[in-house]
Amino acid sequence: VAAASPLRVLRVSQGAPRGAKVPASAIPPPQISPAAHYKQPGQAEPAETAAARAVDVARMQEVKTLVESLFHAGEVAAQKRAGTHEKTLKAVERDLFHAGEMEVQERAGTRQEVEACGHRITQDRIPDKQQLFLANLPFLVAAARDADGRPWATVLASRTGSTGFAQTPDDHTLSVHALPCVGDVLEGSFDKIGAEVGLIAIELATRKRTCINGKVKAREMHMVAGENGTVVDSAITVGIDQLLVHCPQFISNRPCRAAPAGATPVPAPHRAAYGRCLPVHIRQRIEAADTLFLASGHCGTGEQGRACGMDVNHRGGMPGFVKCSTKLDPASGKEQTVLSFPDYSGNGFLHAIGNLVVDDRCGLLFLDFEAGGYLQLTGRAEVDWDSPAVALIPGARRLISFEVHAAVDLGDGALPLRWDPPESAAGNIRQMRVVEKVKESVDITSFVLANAKEGPLPGFRGGQHLPLEVEVPAGFAKAVAAGPDVPADAEDKSPVVVKRSYSLSSPPCLFADTYRISVKRHSQGLMSRFLHDRVQVGEVITVCEPGGEFTLDDAASGPIVLVSAGVGLTPMLTMLYELVDRGSGSNGFTLEPGLRSRPIFYVHCAQDGPHHACHGEVLQLAARAAAAQMDVRVHTAYSRPLPGDQCHDSKGRISGALIAELLGQALADADVYCCGPAVFMAQLQTDLEEHGLRPERYFYEKF
């Protein structure tokens, strides 16, 4: 489903035609003045810093002028009357990716999508839900540069491994009461005011992650009482520039816990430093890993001055997804270790890949989950887009080749935390048998899964997803990577483990007999093609317990709007099931009479009748709701209806105007839940806010 309306893009000048694109060269590079000097309290600002600051101000004014050209005079006047003009400009400015990101987005074919939805998905503040998420984390992964400008990644955790060390004094500031341990390469890198910092808040057990970047605003140190006497409590305050919530793909679900008694962090853990060639035991640890963190920055070469920003990203796969090899360094003639690992499909923003285009320096971090140590690497990386090696790795979009320049291994007990193996994550791994396979539309098929053993299945709420793991023959995987019509090599049957998560589409319940997922077939989707083309009734699939935070807000009391496009209907369908069951007291749910007075709108857009899945099921739910004296209204839009199509109420795509027409003045008090392509969701949110929806009442789920 394409965007609901033409995209707005930057114009070169006021005299340019509306909608004419700005070439990348017309956007000033996002450079920031060198960080050689910082003004200290009581000191005059150095002359070179003042001059550099003036350059920065002039550059930002150029950017602001370009951004303002998005709007004609009438729009600007209306924004100023409403007091939203400056806020609107800042939102659009956040969407200006640097040249490296734009280049790789164009190459990957995601530029139009991220340009349309970037300023909606990327935020310059910490929403309430993310503040709570940060407060309950026992660690953060951070990226920064050392004194030589090289990127590294590290771990920040409290001395005891407890939660609450990351606090949010306001929605633009993060206060972290932790610093790297003794011997860490970045031990002093957070002391400098203005230093760029990349953070990833990740909860491996629930596979939730949020990326944050910003700058150090303050550094504090004070003495506090500890169990073994007075200790130094250190904290850094980070001003937030960007925040982006990521999907749970490729995260191994490891529960985290504090180190057992007697295994608290040692004051100075064993430290081993290595050069360009790593020893065998370190290479073996790397090749056994299923998780790494990648630190990168942009506009940060030595010639250009300090970095404009730092990012740290998660990369995961099955153990062995990182390969080590050795080559001769042409400069020294000595051996050098090279790591290679796949880059899979993601949100299309390609922050890390874009950073590597403008600055190939980066850092890697490998955690020792069992013993509480970690391995830090720094070096240079190269992105392989289309060599034959890429096609040999199922699901890979690119390969990253990393040349090691230096490494530091901090041994057992460096961290106050330990992580359990993925297999023990809440006992949630189970084998399930496919008992039914139903074609819902021309490209969506449902798979009903039953427990391969006796006993009920864990329940779930509407909107949650089911993580899957299957073994795909290597010949089939290589054929999918090579193209939609390439035949599979039947002889190459070596198994390739693939993990994906799909929204559940069966009725939510406290205990389940079966799970159902409804999957759209994508020509280059390895898992979806394998499920559609190869998996038959009777076969066994490995799954984890349902999870996810995209659920109904039980504290709300206004109208409920469930909006979807294409296969985005799956979480909306389960939410509708849950609402009808709660409003009628069915399927184990306690009767909630209050739902009878809340209008519920189910609004779905499909291309046409053959592409419309589960319509009869929705109508049956609406009939059940009517019998229970509930107010459920169904509206279906077809973007390109066929001559014989009759099961739609309107022609065209879903827009804010359409939903505003359906709800009238009730839109101001409504909760809107949306699932579909990113461009669709971003455009709809903009439309709905223009029609009076409160921004905090718009909830969405990314594919």
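Look a little higher up for the structure.
Heads up: these notes are all about the structure in this document.

Each value, and the rule that gives it
- Residues numbered from 1 in each chain as written.
- Predicted model: local features only at pLDDT ≥ 70, side-chain atom pairs only at ≥ 80, totals over all residues.
- Heavy atoms only, no water.
- Salt bridge = Lys/Arg side-chain N within 4 Å of Asp/Glu carboxyl O.
- Buried < 20%, exposed > 50% of the residue type's maximum accessible area, 1.4 Å probe, protein only.
- Helix = DSSP H or I, 4+ residues; strand = E, 2+ residues; numbered from the N terminus.
- Pairing = 2+ DSSP bridges.
- Right-handed = clockwise from strand over helix to strand, strands pointing away.
- Axes fitted to C-alpha atoms, helices over the stretch in contact; angles between N-to-C directions.
- Parallel < 35°, antiparallel > 145°, perpendicular 65-115°, else oblique.
- Left-handed = near helix turned anticlockwise from the far one by under 90°.
- Contact = heavy atoms within 4.5 Å.
- Nonpolar A, V, L, I, M, F, W, Y, C, P; charged D, E, K, R; others polar.
- Phe/Tyr/Trp six-rings, centres within 6.5 Å; stacked < 30°, edge-to-face > 60°.

Summed over the entire model, instances satisfying the criterion amount to 29 salt bridges. A salt bridge links D146 to R150; its shortest N-O distance comes to 2.8 Å. We classify D146 as buried; its relative accessible area is 12%. Taken together, the shared-partner salt bridges connect R461, D554, E578, R582 and E592 into one network.

Moving on, we come to the pairing of strand β30 (residues 671–675). On a regular strand, one side chain projects to one face of the sheet and the next to the other, so that they alternate. Counted residue by residue, β30 has five buried out of five residues, so it is predominantly covered. Side chains of β30 alternate between two faces, with D671, Y673 and C675 and V672 and C674 buried alike. In terms of strand pairing, strand β26 (residues 560–565) meets β30 through five bridges, oriented parallel. Across the sheet, V563 pairs through a bridge with C674, a residue of β30. Where β30 lies against strand β31 (residues 698–701), four bridges are found, and the strand directions are parallel. Among the inter-strand pairings, C675 is bridged to a residue of β31, identified as E701. Remark: the β30/helix α15 (residues 678–690)/β31 crossover connection has right-handed handedness.

Geometry of a packed helix pair, given as the angle between the helix axes and the separation of the axes. In the contact formed by helix α10 (residues 474–482) and helix α11 (residues 526–533), the axes pass within 10 Å of each other and the chain directions differ by 120°. With respect to α11, the element α10 is oriented oblique. At the point where α10 passes α11, the crossing takes the right-handed sense. Note on element contacts: α11 touches α10 through L526, R529, F530 and D533, opposite F476, A477 and V480. Looking at the contact of α10 with α11 residue by residue, the class counts come to five nonpolar, no polar and two charged.

Looking now at the packing of aromatic side chains. One pass over the structure, following the stated rule, counts seven aromatic pairs. Look at Y673 and F699: their rings are 5.0 Å apart centre to centre, the planes differ by 20°, and that puts the pair in the stacked class. One end of the pair, Y673, is in strand β30; the other, F699, is in strand β31, with 26 residues separating them in the sequence. Among the residues examined, F699 registers a relative accessible area of 18% and is labelled buried.

To continue, consider the environment of F447. In this fold, F447 is placed in strand β19 (residues 444–451). The class for F447 is buried, based on a relative accessible area of 0%. F447 sits 88 residues away from V535 along the chain, and the two C-alpha atoms are 9.4 Å apart. Those residues in contact with F447 that sit more than four places away from it in its chain are E436, K437, Y515, R516, I517, V519, L531, H532 and V535.

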